[in-house]
Amino acid sequence: MTTSTRTDVPPGSPRSTSAIDRFFEITARGSSVGAEVRGGLVTFVTMAYIVILNPIILSSATDVDGDQLGFAQVAAVTALTAGVMTILFGVVARLPFAFAAGLGINSFLAVSVVGQVTWPEAMGLVLINGLIIVLLAATGLRRLIFDAVPLQLKIAITVGIGLFIAFIGFVDAGFVTSTGQSSPPVGLGVQGSIATVPTLVFVVTLVLTGILVARRVRGAILIGLLSGTVLALIAEGIWHFGSKVDNEGGWGLSVPALPEQWVSLPDLSLVGQVSFGSFERIGVLAALMLVFTLVFTNFFDAMGTLTGLSKEAGLADERGDFPRLRSALIVEGVGAVAGGFTSSSSNTVFIESGAGIGEGARTGLANLVTGALFLLAMFFTPLTSIVPSEVAAAALVIVGALMMAQIRSIDLTEFSVLLPVFLTITVMPLTYSIANGIGAGFISWVIIRSCSGKAREISPLLWVVAAGFLVYFVRGPIETLLGG
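Residues numbered from 1 in each chain as written. Predicted model: local features only at pLDDT ≥ 70, side-chain atom pairs only at ≥ 80, totals over all residues. Heavy atoms only, no water.

**What about the overall build of the chain?**
Of regular secondary structure, the chain possesses 20 helices and four strands. Over its C-alpha atoms the chain spans a radius of gyration of 22 Å, differing by no more than 12% from the 23 Å that the globule rule assigns to 484 residues. C-alpha atoms of the chain, sized along the principal axes, occupy 60 × 55 × 45 Å. Here the chain holds 484 residues, and the buried ones make up 52% of them. (Helix = DSSP H or I, 4+ residues; strand = E, 2+ residues; numbered from the N terminus. Rg over C-alpha atoms; globule rule 2.2 N^0.38 Å. Buried < 20%, exposed > 50% of the residue type's maximum accessible area, 1.4 Å probe, protein only.)

Listed below in structure tokens is the structure:
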């Protein structure tokens, strides 16, 4: 029998495996090494689009000096930061929540910030935002805010994120599209019908994956993703649809095809390109307002995502707390610092991690797999384009459906609970923002519950946060006044 005093145990032996098991608590959480590897792989496949989408968003924007970020450079630092932060979070927090550049903040930077400052200055603001979040987490204030949120709203956040994930999937697949009209603002496919093969591939992948999940087939989501990718490759090889940019019936973010060049050296020249000159360029008050917006978006997007994923993984207790919460909140703030330092935009926990959780991931070991694949993606960037967004979207819809099931845990007999929960759930997908949904829920909760004679049950800290969200929601007029 192996004892604790032996030191000659070779790698790969039962003892070394048990050490990994003990560190990540694999068996204790009802998982296995195989499930963690599968989950980590599925999470990466579902998130790999960020290596393409983040450069599209950031490199398309011209800053106040007329400069742009290079696509290849952004792709490299996107993969680098996602890989490092995902592994760090897996080792420190030991949770299966992967990191990458947050879509809300990168869009905010490209659309609203760099018109006023340069890209290095914008990334300096992101870095400051991260330092503030780390400070809030390290002092325990972020945890206090987390604990002040009622369980009903925590569950509502989970359900809202589920709908948000599904909506992202529908939009990415072209299943739901903008009509360009005031009514209805969105519609089914092209003029009310599924008229493109890429969207049909999404539907087939969704149905196939749904059947596999319903039959409880092990590796259902991964099998669905791989099958959908093969189907997409065959369809593109026969009909050559190309990109949606050139053809309305084409593929979205990437065209499924085997690349001519498989390996490329990453260009990491953007690392360290940070400046704090925005305070001088646009003034202290205007710069602080931008930081305020970044902090609120980063803070509550991450809180909502952490809540939703921990509930989906079965790791949250009756209060909605999960293991190593404080460490998780600190590392999440470090993601914003790292994203600003590498010019990849603030990195945060990704809701697509739910796909890996749906595949069985329960520990940080899955993050090691996902993070390693992101680091490899720096050298194999062309390969990330093989899986089209239409196929990855099917996994998102499946995960959204699974997260939706959490609503059964909320007692909705009181209208003072029902309306805030309803607003939290619906505002997220309809405004394409987790933070907006949380804000609507918080504000309506404190107002309606207090006016219903429940004021003493509301944490004073929740009142403060709700007031902060009011400022967040009217930041546009405030910025106008400051600018005027």
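**Observations concerning the nonpolar core**
Formed by 71 residues in total, the largest nonpolar core has its most connected members in F89, F300, F442 and F469. No other element matches the nine residues that helix α8 (residues 151-172) contributes to this core. With residues up to four places along the chain from it excluded, the contact list for F442 reads V149, L153, F300, M303, L462, V465, A466 and F469. By size, the runner-up hydrophobic cluster in this structure holds 44 residues, among which are I57, A110, A122 and L294. (Core = buried A, V, L, I, M, F, W, Y, C linked by side-chain atoms within 4.5 Å. Contact = heavy atoms within 4.5 Å.)

**Side note on a nonpolar patch on the surface**
A grouping of L188, I194, L200, V204 and L231 is seen on the molecular surface, where their side chains present a nonpolar patch of about 370 Å² in accessible area. Relative to the helices and strands, L188 is located in strand β3 (residues 186-188). (Patch = residues over 30% accessible without salt bridge, like charges linked within 9 Å, V, L, I, M, F, W, Y side chains within 5 Å. Areas by Shrake-Rupley, 256 points an atom, 1.4 Å probe, with all protein chains shown as cover. Salt bridge = Lys/Arg side-chain N within 4 Å of Asp/Glu carboxyl O.)

**Describing the confidence of the model for the chain**
In the predicted model, the chain carries a mean pLDDT of 86, and 94% of its residues have values of at least 70. Helix α20 (residues 475-483) is the least confidently modelled element of the chain, averaging 72 in pLDDT, while helix α15 (residues 365-377) averages 96, the highest of any element. When the criterion is pLDDT under 50, residues 1-16 qualifies, and its contacts beyond four places in sequence or with other chains add up to nine contacts. (pLDDT = per-residue confidence, 0-100.)

**Structural notes on the packing of aromatic side chains**
Evaluation of the coordinates by the stated rule reveals 12 aromatic pairs. Measuring from ring centre to ring centre gives 5.1 Å for F44 and F374, while their planes differ by 80°; the resulting arrangement is edge-to-face. Of the two residues, F44 is situated in helix α2 (residues 33-47) and F374 in helix α15; the sequence distance between them amounts to 330 residues. The class for F44 is buried, based on a relative accessible area of 12%. Connected via pairs of aromatic rings, a cluster forms that spans F89, F97 and F99. The cationic tip of R94 hangs over the ring face of F23; the distance from NZ or CZ to the ring centre is 3.9 Å. (Phe/Tyr/Trp six-rings, centres within 6.5 Å; stacked < 30°, edge-to-face > 60°. Lys NZ or Arg CZ within 6 Å of the ring centre and 35° of its normal.)

**Observations concerning the side chain of R362**
Turning to its location among the elements, R362 is positioned in the loop between α14 (353-358) and α15. Reaching out from R362, the side chain makes a polar contact with the backbone oxygen of I357 at a distance of 2.8 Å. Look past the residues within four positions of R362 in its chain and what remains in contact with it is R29, S31, E36, P96, A313, L315 and I357. (Polar contact = N/O pair within 3.5 Å; in protein donor to acceptor, adjacent residues only side chain to side chain.)

**A closer look at the side chain of N436**
Inspection of the secondary structure puts N436 in helix α18 (residues 434-454). Residues contacting N436, with those up to four places away along its chain left out, are V427, T431, Y472 and F473.

**Section: helix α4 (residues 71-92)**
Between its first and last C-alpha, α4 extends 31 Å over 22 residues, near the 32 Å set by a 1.5 Å rise per residue. Among the residues trailing α4, R94 stands out with phi positive, at a value near 55°. (Expected span 1.5 Å × (residues − 1).)

**So, the packing of α8 against helix α17 (residues 415-431)**
Look at α8 against α17: their axes get within 7 Å of each other, and the N-to-C directions meet at 25°. Classified by the interaxial angle, the pair formed by α8 and α17 is roughly parallel. In terms of crossing hand, the pair formed by α8 and α17 is right-handed. Across the interface between the two elements, Q152, L153, A156, I157, V159, G160, I161, L163, F164 and F167 of α8 pack against V417, P420, V421, T424, I425, M428 and P429 of α17. Classifying every residue of the contact of α8 with α17 gives 14 nonpolar, three polar and no charged. (Axes fitted to C-alpha atoms, helices over the stretch in contact; angles between N-to-C directions. Parallel < 35°, antiparallel > 145°, perpendicular 65-115°, else oblique. Left-handed = near helix turned anticlockwise from the far one by under 90°. Nonpolar A, V, L, I, M, F, W, Y, C, P; charged D, E, K, R; others polar.)

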